[in-house]
Amino acid sequence: MKVDFSEYARKMDKTLDVLADNFGAVRAGRANAKVLDRITVEYYGSETPLNGVATISSPDARTLVIQPWDTKLLREIEKAILISDLGINPQNDGRVIRLNFPQLTEERRKELTKQVKKYAEDAKVAMRNLRRDGMDYVKNLKKKSEITEDDQKTAEKDLQDMLDKYIKKVDEALAAKEKELMAI
């Protein structure tokens, strides 16, 4: 009997998607609007994503321009950027906010590399937890006598192989992001 692990594979794919989002939010020296995805602004009493209240453009490789649809939000946006972990001081000219991305220092690169490694390790831990849940599921099936001991061993090996494949994808994504951070 073959045990179905499609639910665990779907959850591991979701973990990879979260990791990709986390990696995208790490600024690598270039102006990238994705670094602002996690920033929210209070707008009419509710927290709203920045891209939901403003237009974000990149006139050159090192600058982002944020133009709110309502100029009353300029101070709120500026405050949200200041309290975020971006490490960039916004420049407010009364109509738009400019973010100038400086060249990364060696120290900042090392900090970002540590942050990226932490994101990768968090993804691996989440995947290992999914494997543990899958192993518990298989043991439960064996306990209920729905599968044989040989099926249990095969299912556990399949689950471990699936985890190894996903961990390899995390390692590849980490290596690519580290290379990107060091190249700039």
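In case you missed it, the structure is sitting above this.
All figures in this text were calculated on a predicted structure; none of them were measured in a lab.

**Looking at the sheet that holds strand S4 (residues 63–68)**
The strand order S3-S4-S6-S5 describes an open sheet built from four strands, whose pairing is antiparallel. Two strands lie at the open edges of the sheet, namely strand S3 (54–60) and strand S5 (91–92), each paired on one side alone. Where S4 lies against strand S6 (residues 97–100), four bridges are found, and the strand directions are antiparallel. Looking at S6, one finds that Leu-64 is bridged to Leu-99. In the packing of helix H2 (residues 74–83) onto the sheet, the strands contacted are S3, S4, S5 and S6, and the crossing angle to S6 comes to about 20 degrees.

**Brief notes about the environment of Tyr-166**
Counting through the fold element by element, Tyr-166 comes out in helix H4 (residues 149–183). On the basis of relative accessibility, which here comes to 3%, the residue Tyr-166 falls in the buried class. In this structure, the C-alpha to C-alpha distance between Tyr-166 and Thr-15, residues 151 residues apart in sequence, is 9.5 Å. Sequence-distant contacts of Tyr-166, defined by excluding residues within four places in its chain, comprise Ala-9, Met-12, Asp-13, Leu-16 and Met-127.

What counts, and at which threshold
Residues numbered from 1 in each chain as written. Predicted model: local features only at pLDDT ≥ 70, side-chain atom pairs only at ≥ 80, totals over all residues. Heavy atoms only, no water. Pairing = 2+ DSSP bridges. Helix = DSSP H or I, 4+ residues; strand = E, 2+ residues; numbered from the N terminus. Contact = heavy atoms within 4.5 Å. Axes fitted to C-alpha atoms, helices over the stretch in contact; angles between N-to-C directions. Buried < 20%, exposed > 50% of the residue type's maximum accessible area, 1.4 Å probe, protein only.

All quantities given are derived from atomic positions and should not be read as evidence of function.
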